[in-house]
There are 2 protein chains.
Amino acid sequence: MKIAVDAMGGDNAPEVVIAGVEQARDAFNDVEFLLYGDENKIKPLIKDDTRLTLIHTTEKVESTDEPVKAIRGKKQASMVLAAQAVKNKEADAVLSLGSTGALLAAGLFIVGRIRGIDRPGLMPTLPTTDDKGFLMLDVGANAENRAQQLLQYAIMGNFYAQDLRDIKQPRIGLLNNGTEPNKGDKLHQETFALLDADKDLNFVGNVEASSLLSGVADVVVTDGFTGNATLKATEGAARTILSLLKHTIMDNGVKAKLGGALLKSDLKGLATKFDVSRYGGAALIGLKAPVVKAHGAADAKAVYYAINQIRDMVTNQTIQKVVDYFEAHPEMVTKTTKEA
Amino acid sequence: MKIAVDAMGGDNAPEVVIAGVEQARDAFNDVEFLLYGDENKIKPLIKDDTRLTLIHTTEKVESTDEPVKAIRGKKQASMVLAAQAVKNKEADAVLSLGSTGALLAAGLFIVGRIRGIDRPGLMPTLPTTDDKGFLMLDVGANAENRAQQLLQYAIMGNFYAQDLRDIKQPRIGLLNNGTEPNKGDKLHQETFALLDADKDLNFVGNVEASSLLSGVADVVVTDGFTGNATLKATEGAARTILSLLKHTIMDNGVKAKLGGALLKSDLKGLATKFDVSRYGGAALIGLKAPVVKAHGAADAKAVYYAINQIRDMVTNQTIQKVVDYFEAHPEMVTKTTKEA
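Residues numbered from 1 in each chain as written. Chains lettered and ligands numbered in written order. Predicted model: local features only at pLDDT ≥ 70, side-chain atom pairs only at ≥ 80, totals over all residues. Heavy atoms only, no water.

- The name given to chain A in an unreviewed UniProt entry is Phosphate acyltransferase, with Lacticaseibacillus saniviri JCM 17471 = DSM 24301 as the source organism.
- Per UniProt, the comment on chain A under Sequence similarities (unreviewed entry) is "Belongs to the PlsX family."
- Quoted verbatim from the Subunit (unreviewed entry) field of UniProt, the annotation for chain A is "Homodimer. Probably interacts with PlsY." (UniProt positions renumbered as here; feature names shortened; annotations may be inferred.)

**Here's the deal with the packing of helix α1 (residues 15–27) of chain B against helix α10 (residues 300–315) of chain B**
Residue and element names in this part refer to chain B.
Moving on, step 1. Interhelical geometry of α1 versus α10 gives an angle of 50° and a closest axis separation of 7 Å. Considering their axes alone, α1 and α10 lie oblique with respect to each other. Considering the relative orientation of α1 and α10, their crossing is right-handed. When α1 is examined against α10, the residues Val16, Val17, Ala19, Gly20, Val21, Gln23, Ala24 and Ala27 are found in contact with a partner set consisting of Ala300, Lys301, Val303, Tyr304 and Ile307.
Moving on, step 2. A class-by-class count of the residues in the contact of α1 with α10 yields 10 nonpolar, 2 polar and 1 charged. (Axes fitted to C-alpha atoms, helices over the stretch in contact; angles between N-to-C directions. Helix = DSSP H or I, 4+ residues; strand = E, 2+ residues; numbered from the N terminus. Parallel < 35°, antiparallel > 145°, perpendicular 65-115°, else oblique. Left-handed = near helix turned anticlockwise from the far one by under 90°. Contact = heavy atoms within 4.5 Å. Nonpolar A, V, L, I, M, F, W, Y, C, P; charged D, E, K, R; others polar.)

**Topic: the sheet that holds strand β6 (residues 125–126) of chain A**
Residues and elements named next belong to chain A.
Moving on, step 1. The sheet built from 5 strands is open, its strands ordered β6-β7-β10-β8-β9 with mixed pairing. In this open sheet, the two edge strands, each paired with only one partner strand, are β6 and β9 (202–207).
Moving on, step 2. Bridging between strand β8 (residues 171–175) and strand β10 (residues 219–221) involves 3 bridges; their strand directions are parallel. Paired with Ile172 across the bridge in β10 is Val219. (Pairing = 2+ DSSP bridges.)

**Remarks on the packing of aromatic side chains**
Moving on, step 1. Under the defined criterion, the tally for this structure stands at 10 aromatic pairs over all chains.
Moving on, step 2. Ring centres of Tyr325 of chain A and Phe326 of chain A lie 5.5 Å apart, and the angle between their planes is 80°; this geometry places the pair in the edge-to-face category.
Moving on, step 3. Exposure remark for Tyr325 of chain A: the relative accessible area of 10% places this residue in the buried category.
Moving on, step 4. Where Phe192 of chain B meets Phe203 of chain B, the ring centres are 5.1 Å apart and the plane angle is 75°; that geometry is what we call edge-to-face. Of this pair, Phe192 of chain B sits in helix α7 (residues 186–197) while Phe203 of chain B sits in strand β9 (residues 202–207); the two residues are 11 residues apart in sequence, bridging distant segments of the chain. (Phe/Tyr/Trp six-rings, centres within 6.5 Å; stacked < 30°, edge-to-face > 60°. Buried < 20%, exposed > 50% of the residue type's maximum accessible area, 1.4 Å probe, protein only.)

**Description of the sheet that holds strand β11 (residues 282–285) of chain B**
Residue and element names in this part refer to chain B.
Moving on, step 1. One open sheet holds the 7 strands; their spatial order is β3-β2-β1-β4-β12-β11-β5, and the pairing between them is mixed. Edge strands, defined here as strands with exactly one partner in the open sheet, are β3 (52–56) and β5 (121–123). The sheet shows a mean angle of 25° between the axes of neighbouring strands, direction not considered.
Moving on, step 2. Of the strand pairs in this sheet, β11 and strand β12 (residues 291–293) are connected by 3 bridges, and their pairing is antiparallel. Note on β12: the bridge partner recorded for Ala283 is Val292.

**Quick look at the nonpolar core**
Moving on, step 1. Counting 86 residues, the largest nonpolar core has Ile71 of chain A together with Ile71 of chain B as the members making the most contacts within it.
Moving on, step 2. Not counting chain neighbours up to four residues away, the residues in contact with Ile71 of chain A comprise Val61, Met79, Val80, Ala102, Ala105, Ala106 and Ile110 of chain A. (Core = buried A, V, L, I, M, F, W, Y, C linked by side-chain atoms within 4.5 Å.)

**A short note on the interface of chain A and chain B**
Moving on, step 1. The interface of chain A with chain B comprises 48 residues on the first partner and 48 residues on the second.
Moving on, step 2. Around 4,000 Å² of area is buried between chain A and chain B when both sides are counted, 74% of it from carbon and sulfur atoms.
Moving on, step 3. Three residues stand out in chain A for area buried against chain B, namely Phe225, Ile241 and Leu262 of chain A, and they jointly supply 17% of the buried area on that side.
Moving on, step 4. Here chain A is connected to chain B by 2 salt bridges.
Moving on, step 5. For Lys232 of chain B, the salt bridge goes to Glu208 of chain A, with nearest N and O atoms at 2.2 Å.
Moving on, step 6. Here chain A is connected to chain B by 6 residue pairs in polar contact (both at pLDDT 80 or more).
Moving on, step 7. Its residues placed into classes, the side of chain A that touches chain B shows 21 nonpolar, 17 polar and 10 charged. (Buried area = accessible area lost by both parts, 1.4 Å probe. Salt bridge = Lys/Arg side-chain N within 4 Å of Asp/Glu carboxyl O. Polar contact = N/O pair within 3.5 Å; in protein donor to acceptor, adjacent residues only side chain to side chain.)

**What about the relation of the copies chain A and chain B?**
Moving on, step 1. Laying chain A over chain B is done by rotating through 180° and shifting 0.0 Å along the axis; what remains is an RMSD of 0.0 Å. The relationship between the two copies is best expressed as a two-fold rotation axis. For chain A, the smallest separation between a C-alpha atom and the rotation axis is recorded for Gly259 of chain A, amounting to 1.9 Å.
Moving on, step 2. A share of 100% of interface residues in chain A that are also interface residues in chain B marks the association as one of identical surfaces. (Least-squares fit on C-alpha atoms with pLDDT ≥ 70 in both.)

**Remarks on helix α6 (residues 147–165) of chain B**
Residues and elements named next belong to chain B.
Moving on, step 1. Relative to the 27 Å expected for 19 residues at 1.5 Å per residue, α6 spans 26 Å between its end C-alpha atoms, a close match to the ideal helical length.
Moving on, step 2. With 17 of 19 residues buried, α6 is to be regarded as a mostly interior element.
Moving on, step 3. Asp166 lies just past α6 and shows a positive phi near 55°. (Expected span 1.5 Å × (residues − 1).)

**A look at the packing of helix α4 (residues 78–87) of chain B against helix α5 (residues 100–111) of chain B**
Residue and element names in this part refer to chain B.
Moving on, step 1. Relative to each other, α4 and α5 sit at 30°, their axes nearing to 9 Å. Comparing their axes, α5 and α4 come out roughly parallel. Here the hand of the crossing between α4 and α5 comes out right-handed. Across the interface between the two elements, Met79, Val80, Ala83, Gln84, Val86 and Lys87 from α4 touch Ala102, Leu103, Ala106, Ile110 and Val111 from α5.
Moving on, step 2. Across the contact of α4 with α5, the residue classes break down as 9 nonpolar, 1 polar and 1 charged.

**Observations regarding the pattern of salt bridges**
Residues and elements named next belong to chain A.
Moving on, step 1. Going through the model one piece at a time under the given rule, you end up with 24 salt bridges over all chains.
Moving on, step 2. Here Asp131 ties to Arg278 by a salt bridge, and the two come within 3.5 Å at their closest N and O atoms. On the criterion of sequence distance, the pair formed by Asp131 in the loop between β6 and β7 (134–137) and Arg278 in the loop between α9 (253–273) and β11 (282–285) is long-range, its members being 147 residues apart.
Moving on, step 3. Among the residues examined, Asp131 registers a relative accessible area of 39% and is labelled partly exposed.

**Things to note about α7 of chain B**
Moving on, step 1. For α7 of chain B, spanning 12 residues, the distance from its first C-alpha to its last is 17 Å, which sits close to the expected 16 Å at 1.5 Å a residue.
Moving on, step 2. Residues of α7 of chain B that are buried include every one of Leu187, His188, Thr191, Phe192 and Leu195 of chain B, and no others. The arc enclosing the buried residues of α7 of chain B, seen along the axis, measures out at 130°, which places them on a common side. Away from its buried face, by an angle of more than 90 degrees, α7 of chain B presents the exposed residues Lys186 and Ala197 of chain B.
Moving on, step 3. Where α7 of chain B is buried, its residues meet α8 (224–250) of chain A together with α6, β8 (171–175) and β9 of chain B. (Arc of directions from axis to C-beta.)

So, in structure tokens, the structure goes:
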């Protein structure tokens, strides 16, 4: 198994990328890595070059670049070359910590969509209080979706939850503005009907954004616009409160500091609950190969976890299952699909 | 000034309703109250009947009732009678802690819409880290909105932020999936253009759900579906973390409990930051009179704050300003408006 890694993407590249890759290489002896990036920066970081191949390039996609333009224009960028390696069958999957928009564009225009899927979705894992986590998609690969596309997300999410989370019959929920079946706008009412009629899915009905972290479903299906707002609102509230908590402890004198010190290890457990990097990165699904985005601020451990996740996808042939499913169910293919 | 109060709505009615009304009556000598509900339950709770008029009814809207059906069928329900009092000009405003859906239906079908506004919106105040808070609308009165309606929300929100929050030029933000002007689906791109072109508004551009609690805008405009998900995600994340924090302190032995005790007053300050009841309730705006929903679990103090908010609306004649504005700007009136 070969994973193409954009070694230059992310806030702390290439340091954390190389460190995470080496951790994963040591842990998984069935994985080889193609590292794309500046050899002058990368070479000094490599401790052991076993199963690492370095492909030198100095060009890179910047977070300020317009995504599609960057992918089309910067032919030698580390992210573009990594995606190209998958297209050329030199690698099985791509990992990047770089711009989500650019990686999405690289996925669509270089790796390519699975036949029948016209709108790949971005699928992170979010935390739950019982530490099981859940998959949510789409969280923003698209600004607009149709009901048939949301059904496709449910089907794909179902395979991923089975393969990556070891859940036999994942509970599929539809993010909506109430739990009753008739809730939502036309899109969500139509989607509800499609999900409810699909006998292959363990559809548990509508779920509300307020109960996501309680673990009401294993896969939460949503249109990209609502999913994006919901993900960001959840992250923003969590970050704000944890930061206020830190200030509460640090800025309120000796008594508060002492209280914080006594709670330190327990509070760390609380913060860990909301650190979802242990589940891997956000997968761009509906593409012909695993394309995974790790957080721009990811550390080496998070890179390791993202590689672990990719390895699970490749080992389980999750994408092949999706391909086979849509081959066998031509009625599931959206009409606007142009991909062949 | 007369406020019609649905004394039977909410989890702790009529106790907290009456207690809050009496606090407000003592604080504001320019306000009279019409209390609708069961006199057998209410009378024993009243300490002093100055400026309180009790109108007996035993019927009430249940939280499980289908909203429109309840409002049309239960003619003697406390919520219906309170709304009817406004329609008959016997009261200036309505307050209820009951079902949001039913109060929305009562607002639309009994109080009535302002000429030119076909989709009233639900507008709560959300917290910010600087304790200033911000208004957000619509958070779910509608499952779908058009761009022109979002512009109307901005205009109405602008008047409310001026009158209730004492902000001269409220910063208006559009909730979107990125801050760049071209972001979002067609609805949000169209809305951006309308807001940007309106010279009466201090439009600060797109805002993301992740930065709402940092106070990026004084009024956040959103369609009801996205607003509902964003509000619920924010509330859900805050509630989950604060509850986990409590368990972290209580379930981890003596050391953690001691740490919690030392931090107690400071942590209380943190929880208070997220208690938005001090700003009042959620106002249903676009109606001919103030219709305010306080939380079902509100305490007497929250009822008092909601009355304070209604008093500000009535004193400032905020609704008249909205009416005058749309009279003077017929081009702002949505085409589907049927109201006269």
